[in-house]
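# Remarks on the overall topology
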Amino acid sequence: MWEEGRRLVLSRQALGFGLVVFSMIRTRSHSRTWLAAFREHVLGIPEVIDFYRIGGDYDYMLKIVTRDIGAFDLIYQRLIDGFEIDTVTSYFAMEALAESRPLPV
């Protein structure tokens, strides 16, 4: 069994991150060059804590934590700045029923 390290789990609410947003992104560009630039751009936004390339109706899914809807709007504006994105659909979590669960080993 490999150990990757230890992890400290902090309360996002206690740190002022009361809003969780799942943003689904669809793009018309699927080149490796575009993805590399988009990946670097998204990873430069610290509020994006999870970032996936997915199959289905959308191409990417982001989990974003922030203070409130006004703060999210600033993140959204930063996210779309300079990139040709076809669609961004965001879902706002009302309650975390289970979060940061351990792997089922």
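This report concerns the structure included in the present document. Remember, predicted model here, so these are calculated numbers, not experimental data.

We now examine the nonpolar core. The biggest cluster of nonpolar side chains holds 17 residues, and the ones touching the most others in it are I25, F38, Y60, L62, I64 and L79. Among the elements of the structure, β1 (19–26), α1 (32–43), β3 (60–66) and α2 (69–80) are those that each provide at least two residues to this core. With four residues, α1 is the largest single contributor of residues to this core.

A separate point is the pairing of β3. Across the seven residues of β3, six count as buried, placing the element largely inside the fold. Relative to β3, β1 is paired through seven bridges, and the arrangement is antiparallel. Residue pairing for β3: M24 is matched across the bridge by M61. Relative to β3, strand β2 (residues 48–53) is paired through five bridges, and the arrangement is antiparallel. The partner of F51 across the bridge, within β3, is L62. The hairpin formed by β2 and β3 contains six residues between the paired strands, and G56 there has a positive phi angle of roughly 115°.

Before going further, it helps to spend a moment on the environment of W34. Within the element layout of this structure, W34 appears in helix α1. Take W34: its relative accessible area is 12%, and that puts it in the buried class. Once the C-alpha coordinates of W34 and F83 are considered, the two residues, 49 residues apart in sequence, prove to be 9.0 Å apart. Excluding residues within four positions of it along the chain, W34 makes contact with T27, S29, Y60, F83 and E84.

The rules behind the values
Residues numbered from 1 in each chain as written. Predicted model: local features only at pLDDT ≥ 70, side-chain atom pairs only at ≥ 80, totals over all residues. Heavy atoms only, no water. Core = buried A, V, L, I, M, F, W, Y, C linked by side-chain atoms within 4.5 Å. Buried < 20%, exposed > 50% of the residue type's maximum accessible area, 1.4 Å probe, protein only. Helix = DSSP H or I, 4+ residues; strand = E, 2+ residues; numbered from the N terminus. Pairing = 2+ DSSP bridges. Contact = heavy atoms within 4.5 Å.

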